[in-house]
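Structural characterization, general
Take a look at the letters that make up each chain.
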Amino acid sequence: MVPYISQPLSRHNLRNYAFQLRKLLHMENQLYFPVMEFLEVLPDIFPQLSWEIVEDTEFSQYVHGETDILNHYIKIRQSVYDGACEGNGRDRMTVMHEIAHYLLLCVNGVKLQRNFDKQVVKAYCDPEWQAKCLAGEIMIPAHLVAGMDLFDVIEKCGVSWDAAAYQMRHIS
Ligand SMILES: [Zn+2]
């Protein structure tokens, strides 16, 4: 069951948003998105936000990060942080995913409501899908990777095989 429902956002909307963000950062023409540098300057851009690295033992093994939208707080697991700093694609995407939650809910003000009556929620209204989609769109920019070889996407965007393959399936 999806605990929250957010206002609908399509992949098209999120792709647009990713492009605007990259443009704002003057990164619309580069494949590699420097997630960790972005994380580093995020509190300068959004002064309310803070983030911290937490010991792996603080989280259950399935939780890699957490974004607290009420307190403007991002927590990242130590091993994920280390992996992302070393350029591990999966960990980089995890960090981007948490940032994506923040961008959507706190910066863009996407409305969220509790799924009280346990409705079946469509992907485009699921905050998890939206964060996953936006993170993928930021890390693997559609306008640059169209027609590229999968191996090149993995290497040049610094993402995992799974993320690259998934994203390429959504680019025509
Ligand atoms: Zn999430």
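Definitions and limits used
- Residues numbered from 1 in each chain as written.
- Predicted model: local features only at pLDDT ≥ 70, side-chain atom pairs only at ≥ 80, totals over all residues.
- Heavy atoms only, no water.
- Helix = DSSP H or I, 4+ residues; strand = E, 2+ residues; numbered from the N terminus.
- Rg over C-alpha atoms; globule rule 2.2 N^0.38 Å.
- Contact = heavy atoms within 4.5 Å.
- Areas by Shrake-Rupley, 256 points an atom, 1.4 Å probe, with all protein chains shown as cover.
- Lys, Arg positive; Asp, Glu negative; His and termini not counted.
- Charge placed at Lys NZ, Arg CZ, Asp CG, Glu CD.
- Phe/Tyr/Trp six-rings, centres within 6.5 Å; stacked < 30°, edge-to-face > 60°.
- Lys NZ or Arg CZ within 6 Å of the ring centre and 35° of its normal.
- Donors = N, O, S within 2.8 Å, 3.2 Å for Na, K, Ca; no water.
- Tetrahedral: all angles 85-135°; square planar, octahedral: opposite > 155°, others 65-115°.
- Buried < 20%, exposed > 50% of the residue type's maximum accessible area, 1.4 Å probe, protein only.
- Polar contact = N/O pair within 3.5 Å; in protein donor to acceptor, adjacent residues only side chain to side chain.
- Pairing = 2+ DSSP bridges.
- Axes fitted to C-alpha atoms, helices over the stretch in contact; angles between N-to-C directions.
- Parallel < 35°, antiparallel > 145°, perpendicular 65-115°, else oblique.
- Left-handed = near helix turned anticlockwise from the far one by under 90°.

Here we come to the overall build of the protein. For the protein, the helix and strand inventory stands at 8 helices and 5 strands. Its C-alpha radius of gyration of 16 Å places the protein within 12% of the 16 Å reference for a compact globule of 172 residues. Along the first, second and third principal axes, the C-alpha set of the protein runs to 45 × 35 × 30 Å. A sequence separation of at least 24 residues applies to 67% of the contacts in the protein between residues at least 6 apart. Accessible area for the protein stands at about 9500 Å²; split by element, carbon and sulfur atoms hold 52% of it. Separation between the mean location of the 15 positive side-chain charges and that of the 22 negative ones in the protein comes to 10 Å.

On to the packing of aromatic side chains, then. The tally for this structure, following the rule as stated, stands at 4 aromatic pairs. Sitting over the face of the ring of Tyr-32, Arg-92 holds its NZ or CZ atom 4.1 Å from the ring centroid. The ring of Tyr-166 has Lys-132 lying over it, and the distance from NZ or CZ to the ring centre is 4.2 Å.

Six octahedral donors at a metal ideally form angles of 90 or 180 degrees, and four tetrahedral donors ideally form angles of 109.5 degrees. Taken together, His-97 (NE2), His-101 (NE2), Glu-128 (OE) and Glu-128 (OE) make up the full set of protein donors to the zinc ion, lying 2.1 to 2.7 Å away. Around the zinc ion sit 4 donor atoms, and with donor-metal-donor angles ranging over 52 to 138 degrees the site reads as irregular. Here the donor residues of the zinc ion are spaced in sequence according to H-x3-H-x26-E. Of this pair, His-97 sits in helix 4 (residues 89-107) while Glu-128 sits in helix 5 (residues 127-139), placing them 31 residues apart in sequence. On the basis of relative accessible area, Glu-128 is assigned to the partly exposed category, the value being 44%.

Looking at the element boundaries, His-72 is found in the loop between strand 3 (65-68) and strand 4 (73-77). Placed 25 residues apart in sequence, His-72 and Pro-47 show a C-alpha to C-alpha distance of 9.5 Å. Excluding anything up to four places from it in sequence, His-72 contacts Gln-48, Leu-49, Ser-50, Tyr-102 and Cys-106. Side-chain polar atoms of His-72 contact the side chain of Tyr-102, separated by 2.9 Å.

Here the focus is the pairing of strand 4. Strand direction decides the pairing type here: strand 2 (residues 50-54) and strand 4, joined by 5 bridges, are parallel. Bridge pairing in strand 4 places Val-54 opposite Arg-77. Relative to strand 4, strand 3 runs antiparallel, the two sharing 4 bridges. By the bridge assignment for strand 4, Thr-67 is matched with Ile-74.

This paragraph deals with the environment of Gln-20. Residue placement: Gln-20 occurs in helix 1 (residues 11-24). On the basis of relative accessible area, Gln-20 is assigned to the partly exposed category, the value being 44%. Residues Gln-20 and Ile-138, 118 residues apart in the sequence, show an inter-C-alpha distance of 9.8 Å.

Packing of helix 7 (residues 150-157) against helix 8 (residues 161-169) leaves a shortest axis separation of 9 Å and a crossing angle of 120 degrees. The angle between helix 7 and helix 8 falls in the class oblique. Between helix 7 and helix 8 lies a crossing of right-handed hand. Contacts between helix 7 and helix 8 involve Leu-150, Phe-151, Val-153 and Ile-154 from the first element and Trp-161, Ala-164, Ala-165 and Met-168 from the second.

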